[in-house]
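# Chain and residue survey
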Amino acid sequence: MSAKVAAQKFSFPFSSAARLSQEELSQKGCIQVKALSLQDLQQSPSLSSAGSVRHDAAGARLPLRPDPSQSGAKLSVDGEDQRPATKRQLSSESAARTITAVKKSAVRTEAEEPKPPKPKTHPGQRAAPEKRRRRKDLFASSEVFHRIDSHAIRTGAELKEKCVYDVKAIVQKITKGARNELEKLRAIWVWLCHNIAYDVKGYLGQAERLTAPEEVIAAGCGVCCGYSNLCTEMCREVGIECQEVPGHSKGIGYRQGQSLRNVKSDHLWNAVLLGGQWFLLDACWGAGRVDMEHESFVKRFDDFYFLTDPEEFIYTHFPDEEQWQLLEAPIPLEEFEKRVFKTSAFFNMGLRLIHPPHAHVLTDDGEANVALGYPRPITFTHEITQHQDLLHSGSLEQKDSTSSSCGLLTVSPRSMKLQILPPASGVYDVKVFARPESATTPLTWVCSFTVECPTPRATEEIPENPFLSWGLQPVAGSLGVTGSSQGSKVADVEDAVFDLALKTSRPLMALCELVHPTLDQATAKRCLATQIQPDALTCHVLCPLRGFYRLSVFVRDYEKTDVKFQNVANFLLHCKGKTLGPDELFPPNLGSACGPGTRTSEAGLSKFSHAAAVVSTQQGKCNITFHNQQDLELHSVLSRAEDKMAATPLSRHLFCTYTDSKVTVSASLPDAGVFRLGLYARLSPGGDFDPMCDFVLRNSCERPGAPFPCVYSAWRRGCVLFEPRVGLLEPRTWVRFRVRVPGAQRVSVIGETKTDLKMNKSRVWEADVFSGLQPLKLATAAGGAGDMAVLLVFDVKGEEVRHE
């Protein structure tokens, strides 16, 4: 397809077309109108009470003006038991007027067709209603037409197989069983949408354009005039007053921002008189769309364009005659040009435009904003691209894909806000896509804007967000997340540390992901620590780089291990100042659960002295206590980054004391830095040790902490070391030993010499021991002459540490 054809305009929805010449428009039936006198009307044998128009040689017809005097009758479909409506006669104004074709060189002027004065209400004439009826007043839902639609589609297929092309015969068959004008009209419109395709080859000039109704039916295709002509002809057969309405449309080929002031109208649609009131419909836009990339027609039935409310129809269709807007306050052409383009999906989802008022937006300080409201949860995404002239130049749908980093889309329970930050000067097209929260279909195009940015804002790169919006997702409540400590706005991170807290309605399992444009995945993992509690989720975040981060949270029900994690929230973090070095990040290999939480509670570990996952100390020492209600066998591990090695094994810097049900894990850290304290428990006899939780120990003390003595298996529940608490003793000095060993008959310290400890009134074994130069072993014996079991080993400074 040539660039010339692609750039020209035609009236089919979601498609592109070349502009037709005057001769081509005449062939299609897009003709000028001329007012006739009442005498001409009376002498015309072709006008009957069942029809309201005359036909030119090409089979085209033009609309009569809507008659305000026939707007009081009521017509609706609420069930299957309504009686057929009688055929209505033309209004006095319609009966007095008809049309005829004029030469294409003729120009219509106000003198040739003056606007008739508004008729007065005569005695006996029905008065106009105070309020115009809307589509929903005629029928609550298209489901009421299920019988009519099914019959029209099935009968249409049967007639097509039998090669029945006669308009009257088709109308009689498809409207059989229809009980009123509304049902007859519905059958006709549905038949048109399902049996007539857009004539792409005829439009492109690759085949002869068909205009006669029988030819359009036989070929099964036509251009916009073919739809409107055939609709009018079929309505005439059942006595429904139907008019063709010429005007402009925002279909494919429409150029955003273009002026239509001196541009000839390019489209035809229909207006019908039901119950004394005019309604609008467009079978051409209801049948589907044209894929100009493949030069083919794509069937896509769109019920929105059947009796569309004028307030919504005017966003895409602007009639030549102001009366056919059917609005109490008609809008000028300039307003039509400025209006935001809204697809049928926009109205079907009940969306509401909050900002901006017009389609073209000028940035303020490099920023533009779009805001939509909605009555029920909706999922949104957006697309920002360099400006293209044609409005319908992209896909109607977009799957859950990466959204533009030039926009920040945030959602709240009843509104959506899109903050647009163009990366450079220029003009951009912005498309918004949406779908109901519960739907699984691709997101559908709902509206479009053009953003002009004279001067971009100096900003840093924003990470892509493949999960559509910022803040809590619309599905958060159904996934168990009921609240957040952070809203949908950008979070300014101070001191390179950010904490996110989510409230939950039930126990959940969570995973977090941190993304920065230049941050590698391994480092990003060391920036996160997640705490999982029965009623809350907490994520601790560290920022090693300046700029924007995406923090995404994924959850599933805690017990449903076979269920996939789902995205529940995405937050945009901005670190402007201080950052953390590699040594200040969380230690590697942190578990999925940090700090006390759901897992520890289920294992019977409770009453933790430290409720948070991160523990800070300025002295290099800390004690973490908790209760072991199920008497589980426990194990603890201390670790840090692999490139940091301590003078003594890190295992010597942890010491566990277990008395009654209380457990104390003491840490004496070798130097400043960040450490991982892992707590494990054996949940079944003979089973493996399962991770319970990890604590992050952040030490700011530069002075090295002394190691603890080396612990052996004989050190068990009830044993308590009071003195000495360090495992590295001064040589050749006296050291006070005080220890409690339940059930011991004898406790001794064995080094260069052997020293027996004595038990005092508090059942504590104690004595002063000379250290010497060799390691000291604290041993115990249950009987008077039995072998002694080693409990602890203390090293002496100057000797190599041999115990791990």
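All of the points below concern the structure found in this document. Predicted, not measured: the structure shown is a model, and the values here were computed from it. (Residues numbered from 1 in each chain as written. Predicted model: local features only at pLDDT ≥ 70, side-chain atom pairs only at ≥ 80, totals over all residues. Heavy atoms only, no water.)

### A few points about helix α6 (residues 146-161)
Here is the rule: The secondary structure listing takes helices from DSSP runs of H or I that are at least 4 residues long and strands from runs of E that are at least 2 residues long, numbered from the N terminus. Helices are assigned an expected span. That span is 1.5 Å times one less than the residue count. Every residue pair with non-hydrogen atoms within 4.5 Å of one another is taken to be in contact.
Compared with an ideal rise of 1.5 Å per residue, which puts 16 residues at 22 Å, α6 spans 23 Å between its outermost C-alpha atoms and is within 8% of the ideal. Next to the buried residues of α6 lie α7 (167-174) and α8 (181-195). Backbone geometry just after α6 places cysteine 163 at a positive phi near 60°.

### Concerning the nonpolar core
Considering soluble globular proteins, one finds that nonpolar side chains tend to be buried as a cluster. Using the following cut-off: By nonpolar core we mean a set of buried residues, namely Ala, Val, Leu, Ile, Met, Phe, Trp, Tyr and Cys, connected to one another through side-chain atoms within 4.5 Å. Note on classification: 1.4 Å probe, protein chains only; a residue is buried when its accessible area is under 20% of the maximum for its type, exposed when over 50%, partly exposed between these limits. For each domain, the first and last residues come from an automatic or database assignment.
Ranked by size, the top nonpolar core spans 110 residues in total, and within it Met234, Val272, Leu307 and Phe380 carry the most contacts. The leading source of residues in this core is α8, at nine residues. Shared between two domains, this core takes at least three residues from each, and those domains are domain 1 (135-334) and domain 2 (349-387 + 404-453). Residues Ala491, Ala569, Phe571 and Phe586 belong to the second largest nonpolar core, which totals 42 residues.

### Thoughts on the environment of lysine 576
Within the secondary structure, lysine 576 is located in the loop between β27 (566-575) and α18 (598-602). Taking C-alpha positions, lysine 576 is 9.3 Å from aspartate 495, a pair spaced 81 residues apart along the chain. Residue contacts for lysine 576: discarding those within four places in its chain leaves Asp492, Val493 and Arg546.

### A short note on the pattern of salt bridges
Rule in force here: The salt bridge definition used is simple: a Lys or Arg side-chain nitrogen within 4 Å of an Asp or Glu carboxyl oxygen.
Following the criterion strictly, the structure yields 25 salt bridges and no others. In this structure, glutamate 723 and arginine 738 form a salt bridge, with 3.8 Å as the shortest nitrogen-oxygen distance. On the criterion of sequence distance, the pair formed by glutamate 723 in strand β37 (residues 720-723) and arginine 738 in strand β39 (residues 734-740) is long-range, its members being 15 residues apart. Linked by salt bridges that have partners in common, Glu723, Arg736, Arg738, Glu766 and Asp768 make up one network.

### Some thoughts on the packing of aromatic side chains
Note the threshold: A pair of aromatic rings is counted whenever rings of Phe, Tyr or Trp (Trp by its six-membered ring) have centres within 6.5 Å, and the orientation is called stacked for planes under 30 degrees apart, edge-to-face for over 60 and tilted otherwise.
Under the counting rule described, the total for this entry stands at 22 aromatic pairs. Taken together, a centroid distance of 5.2 Å and an interplanar angle of 80° make the contact between phenylalanine 737 and phenylalanine 794 edge-to-face. In this pair, phenylalanine 737 sits in strand β39 while phenylalanine 794 sits in strand β45 (residues 789-796), placing the two residues 57 residues apart along the sequence. The burial state of phenylalanine 737 is the same as that of phenylalanine 794; both residues are buried. Three or more aromatic residues link up through ring pairs in this structure, and these residues are Trp285, Phe304, Tyr305, Tyr315, Phe346 and Phe347.

### Observations regarding the pairing of strand β34 (residues 673-682)
To be explicit about the condition: Strand pairing follows a simple DSSP-based rule, namely that at least 2 bridges must link the two strands.
Buried residues dominate β34, accounting for nine of its 10 residues. Both strand β31 (residues 633-639) and β34 contribute to a ladder of seven bridges, which runs antiparallel. Bridge assignment links leucine 634 to a residue of β34, and that residue is alanine 681. Bridging between β34 and strand β35 (residues 689-699) involves 10 bridges; their strand directions are antiparallel. Opposite leucine 677, over in β35, you have phenylalanine 695 as the bridge partner. Hairpin connection from β34 to β35: six residues lie between these consecutive antiparallel strands, with glycine 686 at a positive phi of about 80°.

### A closer look at the sheet that holds strand β29 (residues 614-617)
Stated formally: For helices, the fitted line uses only the C-alpha atoms of the stretch in contact; every axis is such a line through C-alpha atoms, and the angle between N-to-C directions lies from 0 to 180 degrees.
The mixed open sheet is built from four strands, whose spatial order is β29-β35-β34-β31. A single partner strand is all that each edge strand has here, and the edge strands are β29 and β31. Strand-to-strand twist in this sheet, taken as the mean axis angle between neighbours without regard to direction, amounts to 25°.

### Section: unusual backbone geometry
With an omega of 5°, the peptide bond running from histidine 355 to proline 356 counts as cis. Topologically, proline 356 is positioned in the loop between β10 (352-355) and β11 (360-362). Cis rather than trans, the peptide bond between glutamate 723 and proline 724 has omega equal to -15°. The phi dihedral of arginine 763 falls on the positive side, at around 60°, and the residue is not glycine. Within the element layout of this structure, arginine 763 appears in the loop between β42 (758-759) and β43 (765-770).

### A few points about a negative patch on the surface
We apply this condition: Excluding any residue in a salt bridge, patches collect residues exceeding 30% relative accessible area, merging like charges within 9 Å and nonpolar Val, Leu, Ile, Met, Phe, Trp and Tyr side chains within 5 Å. The Shrake-Rupley method, run with a 1.4 Å probe, gives the accessible areas here. Residue values count only the displayed protein chains as cover. Counting rule applied: Lys, Arg positive; Asp, Glu negative; His and chain ends not counted. The atom standing in for a charge is NZ when the residue is Lys, CZ when it is Arg, CG when it is Asp and CD when it is Glu.
On the surface, Asp166, Glu208, Glu214 and Glu215 cluster together to form a negatively charged patch. With respect to the helices and strands, the residue aspartate 166 is situated in the loop between α6 and α7. Overall, aspartate 166 belongs to the partly exposed group, its relative accessible area being 38%.

### What to know about the pairing of β29
Strand residues, when the strand is regular, have side chains that alternate between the two faces of the sheet. Burial of the side chains of β29 is restricted to one face: Val615 and Thr617 are buried, whereas none of Val614 and Ser616 on the reverse face is. Summarising the sheet, β29 and β35 pair through four bridges and their orientation is parallel. Bridge pairing in β35 links serine 616 to arginine 698.

### Describing the packing of α6 against α7
Stated formally: Each angle receives one of four descriptions, namely roughly parallel if under 35 degrees, roughly antiparallel if over 145, roughly perpendicular if within 65 to 115, and oblique otherwise. Put simply, a crossing is left-handed when the front helix is turned counterclockwise from the back one by less than a right angle, and right-handed when it is turned clockwise. The residue classification treats Ala, Val, Leu, Ile, Met, Phe, Trp, Tyr, Cys and Pro as nonpolar and Asp, Glu, Lys and Arg as charged. All others, Gly included, are polar.
Contact pair α6 / α7: the axes reach a minimum separation of 9 Å and the direction vectors enclose 140°. Viewed along their axes, α6 and α7 adopt a mutual orientation that is oblique. Every pair of crossing elements has a handedness; the one defined by α6 and α7 is right-handed. Along the contact surface, α6 presents His151, Ala152, Thr155 and Leu159, while α7 presents Ile170, Lys173 and Ile174. For the contact of α6 with α7, the residue count by class is four nonpolar, two polar and one charged.

By themselves, these observations are geometric and do not establish any function.
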